[in-house]
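# Architecture and fold: a report
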Amino acid sequence: MNVKIRTEKLTVRFGNNEALKGVDLDVCKNSITGFMGPAGSGKSTLISLINRMIDFEDGVRIEGGLSIDGEDILGTSVDVVGLRRRVGTVFAVPLPLPRSIFENIAYGPRLKGINKKSDLDDIVEESLKKAVLWSEVCDRLHVSALKLSGGQQQRLCLARTLALRPEIILLDEPCSGLDPISTAKIEEALNELKKDYTIILVSNNTKQIARACDFAAFFYMGTLVEFDQTEKIFTNPRVKQTEDYIQGKFG
Amino acid sequence: MRVNPRFTDALVRHFLNLQAYFTVGLLVVIVFIIFIKGISNCSLSFMLTYPEDMGRHGGIFPAIMGTVFLAALSIVFATPLGLGTAIYLTEYTRESRLTTIIRFGVESLAGIPSIIYGLFGFIFFVIKLGMGWSLLSGALTMTIMILPTIIRTSEEAIKAVPRNLRIVSHSLGATKWETTVKVVLPSAAPGILTGIMLSIGRAVGETAAVIFTMGSSLRLPASLMDSGRTMAVHFYILAREGISMEKAYATALVLVVSILAINILAYYTMNRVIAKYS
Ligand SMILES: Nc1ncnc2c1ncn2[C@@H]1O[C@H](COP(=O)(O)OP(=O)(O)O)[C@@H](O)[C@H]1O
Ligand SMILES: [Mg+2]
């Protein structure tokens, strides 16, 4: 197994509230790892450590280690802006920037200094195709992104992340507000993408985890209860709590 | 007895409508009166020629240019300073005693009558720094006077930009500065522009503080160190000293029409910004 992201005794506190309690987890390269667990179990907190968006929160205390390709990413000397280009994020609500479809996707590449029209054209087309959105918007790339439907906006956000050419893609409940068809399209896109990327998919829908993920992690109140191949977790969980959660007994 | 809610609703709506019409009506009446009184003396040559005999005859070309210079210079000085302060207060610092003090200072400055700014400008720029009655003294004084407006309107506009947009920008690998320039400022542009428009209005309409610092020379200012006269000052002197009410109203007409024109121009620029970033 080829480890891309590794956490070691990772503990996070917001004031007195322990959001993560000594999490040890290895996320495998070129696979989709699902995070599940009831609200408040620490899934988003772990995501926000990997892209260091946690820097925008106040009163956070972090202990333990978190590394990508064996390199620590929690230290103060880490180039956070560079890290966020390697780690793309799709949030729960679609958040298009108030500008055109094209400019949304070109936003990241432009920041990297890619300004040539033909280069940007290529990146935009490639990203939209990978996000299974190209056929729906190819004739109106210069229309405001706010005019798209919610499902299209979320795929636009995925395309925008892909345009960064990241190594890792984090999706924090990306389908929570979407209809089944849009959800299916996102899953279709992710299944193709895992060849080239390491993907973490947070979902409160255990069926989606079972469908889409190679590995599954079950979190409960800040603890990583169980982590294994999806198949094993769903057919033969080691911990009773995991089984109860999957069967919908709580959460 | 219970009043029919539909009835109260309608009543309130009509009342608010009435207020809106009243405000617009007032504006129309003012512009109309100035138009009637000023139009007979207003012509292209009135705008393009120099005044004679204290303004009793001739045109107002130097006053138009004086107004443009003063307004443009104060906006050029005040916008970067005010916008910078607003950006600092909203994006680059947390609430602290320092920001409270800065905000308190800005609020206080906003409440000071313009004549006090004039007096300060006279003592400090004209006398102490030896700039004399000059375009520069006037512009610097106007800069201080309009700074609070620009800071407050910009700050409100920047604060109104959703936090999520900043989050997204950072998640795409933007630095704080890139996020500010590429996402926050475009979204806040309409509000910022409103503040600039209000400020232009104040600088263009000011008389007392301008007379104190820029003087009231009728010559066209040829450098920053020359004295000059704005249209508002010209109008004030013509009317106050009974030189020529006809010329005064004609001046007022040019002044009002140019302010309207600037507002319309700003409105269109704003719409283009909005169209691009939506
Ligand atoms: N910014 C924050 N400030 C304070 N507490 C927070 C913050 N973010 C998350 N928490 C707390 O951390 C715990 C884990 O939250 P989160 O990671 O959002 O869970 P999940 O995404 O699994 O629903 C919760 O108890 C939550 O209240
Ligand atoms: Mg969450």
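In this text, all values refer to a predicted model and were calculated from it rather than measured experimentally.

### A closer look at the interface of chain B and chain A
With 21 residues of chain B at the contact, the number on the chain A side is 23 residues. Interface of chain B and chain A: buried area, both sides summed, is about 2,000 Å²; carbon and sulfur atoms make up 63% of it. Within the residue set of the side of chain B that touches chain A, elements represented by two or more residues are α7 (163–171) and α8 (176–205) of chain B. Per element, the largest residue contribution to the side of chain B that touches chain A is 8 residues, and it comes from α7 of chain B.

### Side note on the packing of helix α3 (residues 101–111) of chain A against helix α4 (residues 117–130) of chain A
Residue and element names in this part refer to chain A. Where α3 contacts α4, the axes come no closer than 10 Å and their chain directions differ by 115 degrees. By the angle class used here, α3 and α4 are roughly perpendicular. The element α3 and its partner α4 pack so that their crossing is right-handed. Contacts between α3 and α4 involve Phe102, Ile105, Ala106, Pro109 and Arg110 from the first element and Leu120, Asp121, Ile123, Val124, Ser127 and Leu128 from the second. Looking at the contact of α3 with α4, its residues break down into 8 nonpolar, 1 polar and 2 charged.

### Re the site of ligand 1
Residue and element names in this part refer to chain A. As a matter of local geometry, ligand 1 sits amid Phe14, Asn17, Ala19, Pro38, Ala39, Gly40, Ser41, Gly42, Lys43, Ser44, Thr45 and Glu57. Separating an oxygen atom of ligand 1 from a side-chain N or O atom of Lys43 is a distance of 2.9 Å. Within the complex, the protein chains bury 64% of what would otherwise be the 550 Å² of accessible surface of ligand 1. Of all the secondary structure elements, the ones that give two or more residues to the shell around ligand 1 are β2 (17–28) and α1 (43–50).

### Details of the pairing of strand β8 (residues 198–202) of chain A
All names here are of chain A. Among the 5 residues that make up β8, 5 are buried, leaving the element largely enclosed by the rest of the structure. Here β8 shows a buried face lined by Thr198, Ile200 and Val202 and a second buried face lined by Ile199 and Leu201. Sheet analysis places strand β3 (residues 32–36) next to β8, joined by 4 bridges and oriented parallel. Bridging across to β8, Thr33 finds its partner in Ile200. Note that strand β7 (residues 168–172) and β8 share 5 bridges and pair parallel. If you follow Leu170 over to β8, its bridge partner there is Ile200. Of the crossover connections in this fold, the one passing from β7 over helix α7 (residues 180–193) to the parallel β8 is right-handed.

### Observations regarding the pattern of salt bridges
All names here are of chain A. Evaluated as defined, the whole model comprises 29 salt bridges over all chains. For the salt bridge of Lys4 with Asp69, the shortest nitrogen-to-oxygen distance reads 2.9 Å. Linking Lys4 in strand β1 (residues 3–14) with Asp69 in the loop between β4 (60–68) and β5 (71–72), this pair joins segments that are 65 residues apart in sequence. Among the salt bridges present, the one from Arg13 reaches Glu63, with a minimum N-O distance of 3.0 Å.

### Quick word on the sheet that holds β5 of chain A
All names here are of chain A. Spatially, the 4 strands line up as an open sheet ordered β2-β1-β4-β5, and their pairing is antiparallel. Two strands in the sheet have a free side with no partner beyond their single neighbour: β2 and β5. Pairing between β4 and β5: 2 bridges, direction antiparallel. Bridging from a neighbouring strand, Ser67 pairs with Asp72 of β5. On the sheet, α1 packs against β1, β2 and β4 and is oriented at approximately 120 degrees with respect to β1.

### Comments concerning the sheet that holds β7 of chain A
Residue and element names in this part refer to chain A. The mixed open sheet is built from 6 strands, whose spatial order is β6-β7-β8-β3-β9-β10. Each having just a single partner strand, β6 (87–90) and β10 (223–229) make up the two edges of the open sheet. For this sheet, the mean inter-axis angle between neighbouring strands, taken without regard to orientation, is 15 degrees. Bridge count for β3 against strand β9 (residues 215–220) is 4 bridges, and the pairing is parallel.

### Here's the deal with the nonpolar core
In this structure, Tyr107 of chain A together with Ile60, Ile158, Ile192, Met231 and Val254 of chain B are the most contacted members of the largest nonpolar core, which totals 44 residues. Sorting the residues of this core by element identifies α3 of chain A together with α3 (61–92), α6 (135–159), α7, α8, α10 (231–240) and α11 (245–276) of chain B as the ones contributing at least two each. In contact with Ile192 of chain B, other than residues within four places in its own chain, are Leu83, Ser154, Ala157 and Leu185 of chain B. Grouped together as the second largest cluster of nonpolar side chains are 43 residues, Val90, Val124, Ile169 and Cys213 of chain A included.

### Description of the packing of aromatic side chains
Tallied over the full model, the rule gives 10 aromatic pairs over all chains. Between Tyr267 of chain B and Tyr268 of chain B, the ring centres sit 6.0 Å apart and the planes meet at 80 degrees, which makes this aromatic pair edge-to-face. Taking the relative accessible area as the measure of exposure, Tyr267 of chain B reaches 49% and is therefore partly exposed. Since its relative accessible area comes to 54%, Tyr268 of chain B is described here as exposed. Joined through ring pairs, the aromatic side chains of Phe120, Phe124 and Phe125 of chain B make up one cluster. One residue, Lys182 of chain B, lies across the ring of Tyr107 of chain A, its end atom 5.8 Å from the ring centre.

About the cut-offs
- Residues numbered from 1 in each chain as written.
- Chains lettered and ligands numbered in written order.
- Predicted model: local features only at pLDDT ≥ 70, side-chain atom pairs only at ≥ 80, totals over all residues.
- Heavy atoms only, no water.
- Contact = heavy atoms within 4.5 Å.
- Buried area = accessible area lost by both parts, 1.4 Å probe.
- Helix = DSSP H or I, 4+ residues; strand = E, 2+ residues; numbered from the N terminus.
- Axes fitted to C-alpha atoms, helices over the stretch in contact; angles between N-to-C directions.
- Parallel < 35°, antiparallel > 145°, perpendicular 65-115°, else oblique.
- Left-handed = near helix turned anticlockwise from the far one by under 90°.
- Nonpolar A, V, L, I, M, F, W, Y, C, P; charged D, E, K, R; others polar.
- Near = heavy atom within 4 Å.
- Polar contact = N/O pair within 3.5 Å; in protein donor to acceptor, adjacent residues only side chain to side chain.
- Areas by Shrake-Rupley, 256 points an atom, 1.4 Å probe, with all protein chains shown as cover.
- Buried < 20%, exposed > 50% of the residue type's maximum accessible area, 1.4 Å probe, protein only.
- Pairing = 2+ DSSP bridges.
- Right-handed = clockwise from strand over helix to strand, strands pointing away.
- Salt bridge = Lys/Arg side-chain N within 4 Å of Asp/Glu carboxyl O.
- Core = buried A, V, L, I, M, F, W, Y, C linked by side-chain atoms within 4.5 Å.
- Phe/Tyr/Trp six-rings, centres within 6.5 Å; stacked < 30°, edge-to-face > 60°.
- Lys NZ or Arg CZ within 6 Å of the ring centre and 35° of its normal.

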